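# Observations on chain architecture
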Amino acid sequence: RSKLDKEGSSGINAEYGQNREAVLYFLMLLSNAKKSDSVALVKHTPSFSKSDATSVAPCILPNREVAVKSRQDGLAMPRYASAVLSAESFDGYSQADLVRDLLFVCQGIETNAIRWDASRMCYVPVSLIKLPKTKLDMACKIAELGFLYKQIKSFVDQRLSEQSYGLIGQAFCSAIMQELKEYYRLIAVLENQNAAGKLSLHRLLVWSHDTFDRLRLISSLCSQAGYANGGGLASCLHTFLQYGDPTYHNLVNEVLHLTTRPLREMLRRWIYEGDCCDGYGEFFITVDSNIPEDLLWESKYSIRLEMLPSFIPKHMAERILLIGKTINFIRVVCRDHSPINFPFSTVASGSQGLNDIIGPDLHNHISEVYKITSAHLISLLKKKYLLCEHLTAIRDYLLLGQGDFVQHLMDLICKDLSSTAREISTSMLQSKLETAQRATNAQYHNIDIIRRVNVIKLEESLGDTGWDVFTVDYALNGPLAVIVNQDSRETYLCIFRMLWKTKRIEHGLRRMWAKTATWERTLPYLVADIRPFRHLVNIICSEIQHFICQIQYYINFEVLECSWKELENAVDTAQDLDYIIDAHKRFIGIVSERLMLSEEHKTVLEKLYANYNIVINFIQRYEDSCETLKMNNTIREERV
């Protein structure tokens, strides 16, 4: 036994001899532990800026670590030299003092022992504080709340002081402050617990665990979305709804609901009153106040895509734009202030849930408002402003659909139009047009329609006749001018000139046949003398008549009637004013294309007009020959 004791003692001594240096160094560290440097509460995070997706919270780190390398046997010293200190008292700085100071730090308040270093962006101790490793880790976690709170509070104070941040931005700050109220309640409870002596460092850490996650998410919201404005801010917040954690999702949902309250109010006023109350440029619909009233529908209102929230699709935004534009058009252009009755509650009011602006509820509301406002406007245009009647009048007068009026007008002014353009007065032509209206079925049109038909004399050139400068215009103003605008009127002018030229040839041929029949009755002997000439003329007139008949059949049945039927159907089934405008543009576009008035068919049209000119010259020469024969017959009768 003594031998074994001796061997064991010698083994222990041998082992102690091998680790003697490490043991002595450990004892030296214990003796110098009270002289070690203090710890600093240091922030270990990048600066709080727009580009930070998340904020890495602050931590409390020792300003010095002691790493002791062992010898070959692998023995190592503890990583933190201060870890051997007592857990209840840290060199005169008790746990209660630490808890009290951490509560102040969580509120962003400096204490006598812990101060905020603005240059280093961290909390640093004033007095020498030594903490064990476990307490140091817990204090680091708790102090991170103070850093997050300080960053959030600083952001809110800074943005609220900026007048340009807008209503939605202020609502976002208000939502953040609303979330901080829960944090304030937690701090108040913890202070009561600490005053009662029931709060330890461990309990403080447990109580702050859930709050830390919420503040960290709020800090991320401020970092990513806080520097956007208006609808862009709402879009940034909406991206955070992709969190799978229900707690995160509910928090972002609540913040987004409070933030979008001004947006919902703007939307409500726009779709129900047509008012764009956007003093800070946050709404996705913009108004150009410099646009005159006659261009209200085309140019005054537009969508600002950078302010369009991501939860509102573009097609829905276009429909929202159309609703408010329709209301303003009714009030300003149509001068109608009768109420528009909506059979359901208002949209996106502040007391309603978030589904009013996100999801199918908003889509259903917008669809209903769109149908009601558009139906009100179309009914107003058809009943008060006689939209269908005016379109029919355009067809009768500009597209020569009123046959008896066109024929009578041609008979009245054909001689006048054969004169030079300078010899013709617009007033004289206007009086003859009114005479043709009173003498035909056009007299039964509405008096407002009759007054809108005017004669226009185009700019004349050297050698022009009345046929070259004569045209008819149909003047439309007010709401109907949006449908038949200035570009459409110019297109109708080109169509009228082409149709009028065709009618001129038809009228000339009819006059030729009438004169030939008159000769056969009054001058039978003269007809016998020019029988071969008259036979040749009749053959040519038959060919011309066939040519003109084919052209008129194509114009009337293949072009005008088919296109007009499509326009009528479109106007009858139109859901909004834009649909009617597009249908009318499509109508005149098809007519112009099929009548070869487009730039692509310019060569074909020039050839057609060249043939027209040949026919017109032939008719003119025939009439001149008739006048010569008439004069010769008069001279012959005088001689006899």
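A few words now on the overall build of the protein chain. Check the secondary structure of the protein chain and you find 23 helices and 8 strands. Here the protein chain holds 640 residues, and 45% of them are scored as buried. Across the protein chain, contacts joining residues at least 24 apart in sequence account for 72% of those joining residues at least 6 apart. Surface summary for the protein chain: the accessible area is close to 32,900 Å², and the carbon and sulfur share equals 52%.

Empty space within the largest pocket amounts to approximately 830 Å³. Lining the largest pocket we find 31 residues, and of these Trp467, Asp468, Lys501, Arg504 and Ile616 sit closest to its centre. Broken down by secondary-structure element, the contributors of at least two residues to the lining of the largest pocket are helix 15 (403–417), helix 18 (466–469), helix 19 (486–522) and helix 23 (602–639). The residue inventory of the lining of the largest pocket, partitioned by class, reads 11 nonpolar, 10 polar and 10 charged.

As a further point, take unusual backbone geometry. Non-glycine residue Leu400 carries a positive phi angle of around 60°. Looking at the element boundaries, Leu400 is found in the loop between helix 14 (387–397) and helix 15.

What follows is about the environment of Leu186. Tracing the backbone through its elements, the reader meets Leu186 in helix 5 (residues 166–195). Among the residues examined, Leu186 registers a relative accessible area of 12% and is labelled buried. Spatially, the C-alpha atoms of Leu186 and Trp207 are 8.2 Å apart, while their sequence positions differ by 21 residues. Discounting chain neighbours no more than four positions away, the residues touching Leu186 are Trp207 and Thr211.

So, about a nonpolar patch on the surface. A cluster of nonpolar side chains, Val189, Val206 and Trp207, forms an exposed patch at the surface whose accessible area comes to about 280 Å². Within the secondary structure, Trp207 is located in helix 6 (residues 201–207). Judged by relative accessible area, which is 40%, Trp207 ranks as partly exposed.

With that settled, the discussion passes to helix 8 (residues 230–239). With 8 of 10 residues buried, helix 8 lies mostly within the body of the structure. What helix 8 keeps buried is the set Gly230, Gly231, Gly232, Leu233, Ala234, Ser235, Leu237 and His238. Where helix 8 is buried, its residues contact helix 5, helix 7 (209–225) and helix 9 (246–259).

Right, let's talk about the environment of Met177 for a bit. On the secondary structure map, Met177 appears in helix 5. Judged by relative accessible area, which is 25%, Met177 ranks as partly exposed. Sequence separation of Met177 and Ile152 is 25 residues, and the distance between their C-alpha atoms is 9.1 Å. Those residues in contact with Met177 that lie beyond four places of it in its chain are Lys153, Val156 and Tyr184.

With that settled, the discussion passes to the state of the cysteines. Per the counting criterion, the structure on display carries 0 disulfides. Cysteine Cys222 shares no disulfide, and the gap to the nearest cysteine sulfur, in Cys173, comes to 7.5 Å.

When pLDDT is averaged across the protein chain, the result is 80; 79% of the residues are at 70 or more. In the model of the protein chain, strand 1 (residues 89–90) stands out as the element of lowest mean pLDDT, 43, in contrast to helix 14, which has the highest, 96. Taken as a whole, residues 34–90 scores under 50 in pLDDT and shows 131 contacts with residues more than four places along the chain or in a different chain. A low-confidence stretch, residues 346–355 (pLDDT under 50), is modelled with 29 contacts involving residues beyond four sequence positions or located in other chains.

The next subject is the packing of helix 10 (residues 261–273) against helix 12 (residues 314–333). Across the interface, helix 10 lies against helix 12 with an axial gap of 7 Å and an inter-helix angle of 50°. Considered as vectors, helix 10 and helix 12 are oriented oblique to each other. Touching Leu267, Trp270, Ile271, Tyr272 and Glu273 of helix 10 are Ile320, Leu321, Ile323, Gly324, Lys325, Ile327 and Asn328, all from helix 12. Residue classes in the contact of helix 10 with helix 12 are distributed as 8 nonpolar, 2 polar and 2 charged.

In this structure, Phe172, Phe284, Ile320, Phe470 and Trp500 are the most contacted members of the largest nonpolar core, which totals 161 residues. Looking at this core element by element, the count peaks at 12 residues for helix 21 (residues 531–572). Apart from the residues lying within four places of it in its own chain, the contact partners of Trp500 are Leu400, Val406, Leu409, Met410, Ile413, Leu417, Trp467 and Phe470.

The subject of this paragraph is helix 9. Along its 14 residues, helix 9 runs 20 Å from first to last C-alpha, staying within 8% of the 20 Å computed at 1.5 Å per residue. Of the positions making up helix 9, those classed as buried are Tyr248, Leu251, Val252, Val255, Leu256, His257, Leu258 and Thr259. Buried residues along helix 9 sit against helix 5, helix 7, helix 8 and helix 10. Regarding helix 9, its N-cap is Asp245, as a side-chain oxygen of that residue lies 3.0 Å from the backbone nitrogen of Thr247 further along.

On inspection of all chains with the given rule, the structure shows 16 aromatic pairs. Geometrically, the ring pair formed by Trp270 and Tyr301 is edge-to-face, given 5.5 Å between the ring centres and 65° between the ring planes. Of the two residues, Trp270 is situated in helix 10 and Tyr301 in strand 6 (residues 301–303); the sequence distance between them amounts to 31 residues. Judged by relative accessible area, which is 0%, Trp270 ranks as buried. By the ring-pair criterion, three or more aromatic residues cluster together here, those being Trp467, Phe470, Phe496 and Trp500. Over the aromatic face of Tyr370 sits the side chain of Arg319, whose NZ or CZ is 4.1 Å from the ring centroid. The aromatic ring of Trp297 is capped on one face by Lys325, whose charged end is 4.6 Å from the ring centroid.

Scoring rules and cut-offs
Residues numbered from 1 in each chain as written. Predicted model: local features only at pLDDT ≥ 70, side-chain atom pairs only at ≥ 80, totals over all residues. Heavy atoms only, no water. Helix = DSSP H or I, 4+ residues; strand = E, 2+ residues; numbered from the N terminus. Buried < 20%, exposed > 50% of the residue type's maximum accessible area, 1.4 Å probe, protein only. Contact = heavy atoms within 4.5 Å. Areas by Shrake-Rupley, 256 points an atom, 1.4 Å probe, with all protein chains shown as cover. 1 Å grid on protein atoms, 1.4 Å probe; cavity = no way out; pocket = protein on both sides within 12 Å on 5 of 7 lines; lining within 4 Å. Points joined across faces, edges and corners; volume = space filled by probe spheres on them. Nonpolar A, V, L, I, M, F, W, Y, C, P; charged D, E, K, R; others polar. Patch = residues over 30% accessible without salt bridge, like charges linked within 9 Å, V, L, I, M, F, W, Y side chains within 5 Å. Salt bridge = Lys/Arg side-chain N within 4 Å of Asp/Glu carboxyl O. Disulfide = S-S within 2.5 Å. pLDDT = per-residue confidence, 0-100. Axes fitted to C-alpha atoms, helices over the stretch in contact; angles between N-to-C directions. Parallel < 35°, antiparallel > 145°, perpendicular 65-115°, else oblique. Core = buried A, V, L, I, M, F, W, Y, C linked by side-chain atoms within 4.5 Å. Expected span 1.5 Å × (residues − 1). Polar contact = N/O pair within 3.5 Å; in protein donor to acceptor, adjacent residues only side chain to side chain. Phe/Tyr/Trp six-rings, centres within 6.5 Å; stacked < 30°, edge-to-face > 60°. Lys NZ or Arg CZ within 6 Å of the ring centre and 35° of its normal.

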